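# Structural description and commentary
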Amino acid sequence: MSASFALAADPIDPVALVEGVRTDEDGALATFLGTARVVSRGRRVVRLEYEAYEPMVRAEMDRILAETRERFHVGAIRVVHRLGVVPIGEASVGIVVAAPHRADALGACRHVIDRIKERVPIWKKEVFEDGSEWVGEGA
Amino acid sequence: MRVRIRLFAGWRDRLGEEEVLLEGLPPDATVESARARLEERCPALRGLPAAVAVNLVQVPPDRPLREGDEVAFLPPVSGG
């Protein structure tokens, strides 16, 4: 079964993602969407901006998807992450996993988002009404 | 020796460039010595946390450099 990853400038269509993974062998489809939140650390966020070290993102995602397939009994996996401006309310990341059973679908979906947060070289800037800040930099 | 430096997020903002060629590094230069050269050029980078990847693989600071390496300074990631 296939696993794919894409970086995208355009909004993520979760229905298309789900339709892309479902087969008649699957009894479970797990979907995770990370969405741009209007309040962060007590400040009002206007939009998010993402950037990536693209060749390394692809290499890390290949490793993460391979490791997910080893740990969970799953069918197809699709992951999309946005680059550039993401308005409030839109999804910045979408993950769908098809599997015969729910425990593997949910576990694999969780595994993928947790590894992305931990080690994939993508950076998020929160733009406020009165300035902006790269998240996690401690600046 | 010459290496290509890639900068992202707050590192790029501080230096004002996303790519820098570091030339004239000594043959025994390491990731750490490349960082020191960058900090001379841009003192605002001092003390900022960053992991380092050489040719797309994360490496420790004492990793020796070779001619033509691509050295990326990776601030704490915040994707998702």
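Everything quoted here is computed from the prediction, not taken from an experiment.

About the criteria used
Residues numbered from 1 in each chain as written. Chains lettered and ligands numbered in written order. Predicted model: local features only at pLDDT ≥ 70, side-chain atom pairs only at ≥ 80, totals over all residues. Heavy atoms only, no water. Axes fitted to C-alpha atoms, helices over the stretch in contact; angles between N-to-C directions. Helix = DSSP H or I, 4+ residues; strand = E, 2+ residues; numbered from the N terminus. Parallel < 35°, antiparallel > 145°, perpendicular 65-115°, else oblique. Left-handed = near helix turned anticlockwise from the far one by under 90°. Contact = heavy atoms within 4.5 Å. Nonpolar A, V, L, I, M, F, W, Y, C, P; charged D, E, K, R; others polar. Buried area = accessible area lost by both parts, 1.4 Å probe. Salt bridge = Lys/Arg side-chain N within 4 Å of Asp/Glu carboxyl O. Polar contact = N/O pair within 3.5 Å; in protein donor to acceptor, adjacent residues only side chain to side chain. Expected span 1.5 Å × (residues − 1). Buried < 20%, exposed > 50% of the residue type's maximum accessible area, 1.4 Å probe, protein only. Arc of directions from axis to C-beta. pLDDT = per-residue confidence, 0-100. Pairing = 2+ DSSP bridges.

### Re the packing of helix H2 (residues 54-71) of chain A against helix H3 (residues 102-119) of chain A
All names here are of chain A.
- With their axes 10 Å apart at the nearest point, H2 and H3 run at an angle of 150° to one another. Judged by the inter-axis angle, H2 sits roughly antiparallel to H3. H3 is crossed by H2, and the crossing has right-handed handedness. Together, Glu 60, Met 61, Arg 63, Ile 64, Leu 65, Glu 67, Thr 68 and Arg 71 of H2 and Ala 108, His 111, Val 112, Arg 115, Ile 116 and Arg 119 of H3 make up the contact between the two elements.
- Each residue belonging to the contact of H2 with H3 can be placed in one class, and the counts come to 6 nonpolar, 2 polar and 6 charged.

### Describing the interface of chain A and chain B
- The partner chain B presents 21 residues to the 25 residues of chain A that form the contact.
- Contact with chain B buries area across many residues of chain A, yet Tyr 53, Trp 123 and Glu 137 of chain A alone supply 37% of it, more than any other trio.
- Residues Arg 12 of chain B and Glu 51 of chain A are paired through a salt bridge, measuring 2.7 Å at the closest nitrogen-oxygen approach.
- The interface formed by chain A and chain B contains 13 residue pairs in polar contact (both at pLDDT 80 or more).

### Looking at H2 of chain A
All names here are of chain A.
- With 18 residues, H2 ought to run about 26 Å at 1.5 Å a step, and its terminal C-alpha atoms sit 26 Å apart, in line with that.
- Within H2, the full set of buried residues consists of Met 56, Val 57, Glu 60, Met 61, Ile 64, Leu 65 and Thr 68. The buried side chains of H2 occupy one side of the element, clustering within an arc of 165° when seen end-on. Structural note: H2 exposes Asp 62 and Glu 70 on the side pointing more than 90 degrees away from its buried face.

### Quick word on the confidence of the model for chain B
- Here chain B shows a mean pLDDT of 96. Residues at 70 or above account for 100%.
- The ipTM value of the predicted complex is 0.93, and its pTM value is 0.94.

### A closer look at the sheet that holds strand S5 (residues 77-82) of chain A
All names here are of chain A.
- What the 4 strands build is an open sheet, ordered S1-S5-S7-S2; its pairing is mixed. The open sheet is flanked by strand S1 (3-8) and strand S2 (28-35), the only strands paired with a single partner. Averaged over all pairs of adjacent strands, the angle between their axes in this sheet comes to 10°, without regard to strand direction.
- Here 5 bridges tie S5 to strand S7 (residues 91-99), and the two strands are oriented antiparallel to one another. Across the sheet, His 81 pairs through a bridge with Val 93, a residue of S7.
- Across the sheet, H2 lies against S1 and S5, angled at about 150° from S1, the strand it touches most.
- Along the sheet, H3 makes contact with S2, S5 and S7, crossing S7 at roughly 150°.

### Observations regarding the sheet that holds strand S4 (residues 57-59) of chain B
Residues and elements named next belong to chain B.
- The mixed open sheet is built from 5 strands, whose spatial order is S2-S1-S5-S3-S4. The open sheet is flanked by strand S2 (19-22) and S4, the only strands paired with a single partner. Averaged over all neighbouring strand pairs, the angle between strand axes comes to 30°, with direction disregarded.
- With 4 bridges connecting them, strand S3 (residues 51-54) and strand S5 (residues 70-74) associate as antiparallel partners. Directly across from Val 52, in S5, lies its bridge partner Phe 73.

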